[in-house]
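Okay, here's what each chain looks like letter by letter:
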Amino acid sequence: MHTEILILGLGTLLLLVHIFAAAIVKTRQYGSEWNMGARDEMLPPMEPLPGRLVRAQANFQETFPIAIAALIGVVIAGRTSEWTAIGGWIWLGTRVVYLPLYALGVPKVRTLIFMVSVIGLGMVLWPLLAV
């Protein structure tokens, strides 16, 4: 199996971690009745931790399709290399670090980590763009 496919699978697990982390703290704030209900009612603003986890999840969901396209794309195109694997690991590793940094409210380091994840994605994408 290609390393890039393994990274994609682990990225999918990380998406589940994002989803459940946000859901658990939102349920803690709003209650299990809210969680199991239609969620039609107006709610008070989220407390800081649930708000940060929801935003971290949204950020991951915005960039994960790019990772999917890049990781599958290099495999399908037969353009995998040690550099696409390294780029994939950089992307995944920084995304793992990003979640607790966002949850803790660490501002500048979190942004730096995000930018490094984009560099990792660029390393995976480059062979698809280079003719």
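**Regarding the overall build of the chain**
On a plain count of helices and strands, the chain comes out with five helices and zero strands. Listed by position from the N terminus, the elements making up the chain come as α-α-α-α-α. Counting only C-alpha atoms, the chain reaches 55 × 30 × 20 Å along its principal axes. For the chain, buried positions account for 35% of its 131 residues. If you take every contact in the chain between residues at least 6 apart in sequence, the share linking residues at least 24 apart comes to 76%.

**A word on the side chain of Thr84**
Inspection of the secondary structure assignment puts Thr84 in helix H4 (residues 82-104). Of note is the side chain of Thr84, whose polar atom sits 2.8 Å from the backbone nitrogen of Ser81.

**Brief notes about helix H1 (residues 3-30)**
Since the α-helix advances by 3.6 residues per turn, residues separated by three or four positions end up pointing in the same direction. Helix length check: H1 (28 residues) gives 40 Å between terminal C-alpha atoms against 40 Å at 1.5 Å per residue, within 8%. Among all positions of H1, only Glu4, Ile7, Leu8, Gly11, Leu14, Leu15, His18, Ala22, Val25, Thr27 and Tyr30 are buried. Buried residues along H1 sit against helix H2 (32-36), helix H3 (48-76) and H4. One or two steps after H1, the chain reaches Gly31, where phi turns positive at roughly 100°.

**Quick notes on unusual backbone geometry**
With the exception of glycine, the majority of residues adopt a negative phi angle, and the majority of peptide bonds are in the trans configuration. One non-glycine residue, Arg39, adopts positive backbone phi at about 60°. Its location among the elements puts Arg39 in the loop between H2 and H3.

**Details of the packing of aromatic side chains**
Summed over all chains, the structure comprises six aromatic pairs. Each ring, one from Phe60 and one from Trp91, has its centre 6.0 Å from the other, and the planes form 25°; the classification is stacked. With Phe60 in helix H3 and Trp91 in helix H4, the pair connects residues that are 31 residues apart, well separated along the chain. In this pair, the class of Phe60 matches that of Trp91, namely buried. Where Tyr98 meets Tyr102, the ring centres are 5.6 Å apart and the plane angle is 75°; that geometry is what we call edge-to-face. Pair noted here: Tyr98 and Tyr102 are both in helix H4, with a separation of four residues, about one helical turn. Judged by its relative accessible area of 4%, Tyr98 falls in the buried class. Of the aromatic side chains, those joined through ring pairs into one cluster are Phe60, Phe64 and Trp91. The ring of Trp34 has Arg39 sitting right over it, with the charged end atom 4.4 Å from the ring centre. Over the ring of Tyr102 we find Arg110, and its NZ or CZ is 4.0 Å from the ring centre.

Cut-offs and rules
- Residues numbered from 1 in each chain as written.
- Predicted model: local features only at pLDDT ≥ 70, side-chain atom pairs only at ≥ 80, totals over all residues.
- Heavy atoms only, no water.
- Helix = DSSP H or I, 4+ residues; strand = E, 2+ residues; numbered from the N terminus.
- Buried < 20%, exposed > 50% of the residue type's maximum accessible area, 1.4 Å probe, protein only.
- Contact = heavy atoms within 4.5 Å.
- Polar contact = N/O pair within 3.5 Å; in protein donor to acceptor, adjacent residues only side chain to side chain.
- Expected span 1.5 Å × (residues − 1).
- Phe/Tyr/Trp six-rings, centres within 6.5 Å; stacked < 30°, edge-to-face > 60°.
- Lys NZ or Arg CZ within 6 Å of the ring centre and 35° of its normal.

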